[in-house]
Amino acid sequence: MDKGNLLITGASGFIGSHMSKYFISNGWEVTGIEHDSRRIDIPSLLGIRDKMNWCRLDIGRDSSGVKRVIADYEIDSVIHLAALPIVRAGARTTLPIYETNIFGTLHVLEAIKEQNLSGFTTKGIMTATDKVYGNYEWGKPYTEDLPLNADDVYSSSKACADIITRAFSRLWKLPLVTTRPSNIYGPADLNSRLIPNTIKNCLRSRPPIIYEGINYVREFTYIDDLSRAYEILLNKLDVGGVSGEAYNIGSGKTFNQETCIREILRHFSELKPEYRKPMKYMGNEIEYQELNSDKMRRLGWIPKVSFSDGIKSTIKWYKENIDILP
């Protein structure tokens, strides 16, 4: 039995593809918005390309297209994930980051507002990031009541989208929540990030790289735990009490790059890490990120996948697919 018509923006990305797979398997009719296609396609790798509807448009520029999709597919729930998500990309180009992350969110919110003011209830989850908090006191878990202190292009774009979402919810009484997840990892992540890069290097018998002097601490949450949190939030939006709120979503487990790589190397005992001088952009990263997710846990969510189990599952997937990956 269908649980509803769900739109996932950015559905062909790493998080969006996993989120789509999760909700399809739990009885939702899922429609995805994607910006473009790539030679190696995550929805196809996860076996869901033919199990959902697909719409291709530029969410940051096509407000009418977003409204058309939500109306045509009778969408009653939206998970907004579409974003340009890599921090260092913001140092290379600015306008596309703001167009996608701010105006894309605004276009989704306008479409949801139009539906609700017309008498058709459409609820939504807008995805921000733990980076909206910026660089607060070392070792202090972020709570949702902290001011947003973002000071780079990507993080500031997500902070703006976060604030705009909560403003829409309160001004027009819309069923909307904002999430601020930690670093998400798992199978089929084709972005250039620490965990997938390290695993692919190891599977190709290349030593993983540890950058000297880079001791940034990050919180890692397995993708399946994030998907469960989103389903809880969508269900809570039906009964009220969460609209207009922001929720941290994190495992509570933090690691620096070396500790993370050492966990992966437990599965590749023949390899030793290679130490290198850091690249220039690495000096601009936030030093410490840790979320207090008590607010989300009070809704009944707890992370179920330990870091060691999550890494094991992720390595297994990459091992089975390494021959077709870039």
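Residues numbered from 1 in each chain as written. Predicted model: local features only at pLDDT ≥ 70, side-chain atom pairs only at ≥ 80, totals over all residues. Heavy atoms only, no water.

**Brief notes about the pairing of strand β2 (residues 29–34)**
Here is the key point about a regular strand: its side chains alternate between the two faces of the sheet.
Phase 1: The element β2 is largely enclosed, with a buried count of 5 among its 6 residues.
Phase 2: Here strand β1 (residues 5–9) runs beside β2; their pairing, made up of 5 bridges, is parallel. Note that in β2 the partner of L6 across the bridge is V30.
Phase 3: Note that the unit made of β1, helix α1 (residues 14–25) and β2 has a crossover that is right-handed. (Buried < 20%, exposed > 50% of the residue type's maximum accessible area, 1.4 Å probe, protein only. Helix = DSSP H or I, 4+ residues; strand = E, 2+ residues; numbered from the N terminus. Pairing = 2+ DSSP bridges. Right-handed = clockwise from strand over helix to strand, strands pointing away.)

**Focus on unusual backbone geometry**
A negative phi angle is the norm for most residues apart from glycine, just as the trans form is the norm for most peptide bonds.
Phase 1: The backbone phi angle of A188 is positive, close to 70°, even though this residue is not glycine.
Phase 2: Tracing the chain through its elements places A188 in the loop between β7 (183–185) and α7 (194–203).
Phase 3: A188 gets classed as buried once you look at its relative accessible area, which sits at 0%.
Phase 4: Even without being a glycine, S205 presents a positive backbone phi close to 60°.
Phase 5: The residue S205 is located in the loop between α7 and β8 (209–211) in this model.

**Quick look at the sheet that holds strand β10 (residues 246–249)**
Phase 1: The strand order across the open sheet built from 7 strands is β3-β2-β1-β4-β5-β6-β10, with neighbouring strands paired in parallel fashion. Either end of the sheet is taken by a strand with one partner, and the two such strands are β3 (53–56) and β10. Geometrically, the sheet is characterised by an average inter-axis angle of 20° between neighbouring strands, direction not taken into account.
Phase 2: In this sheet, β10 lies alongside strand β6 (residues 176–181) in parallel orientation, the contact comprising 4 bridges. Paired with R180 across the strands is N248, a residue of β10.
Phase 3: Sheet strands touched by α1: β1, β2 and β4 (77–80). Its angle to β1, the strand with the most contacts, is close to 170°.
Phase 4: Sheet strands in contact with helix α8 (residues 223–239) are β1, β4, β5 (123–127), β6 and β10, and its direction is about 145° off that of β5. (Axes fitted to C-alpha atoms, helices over the stretch in contact; angles between N-to-C directions. Contact = heavy atoms within 4.5 Å.)

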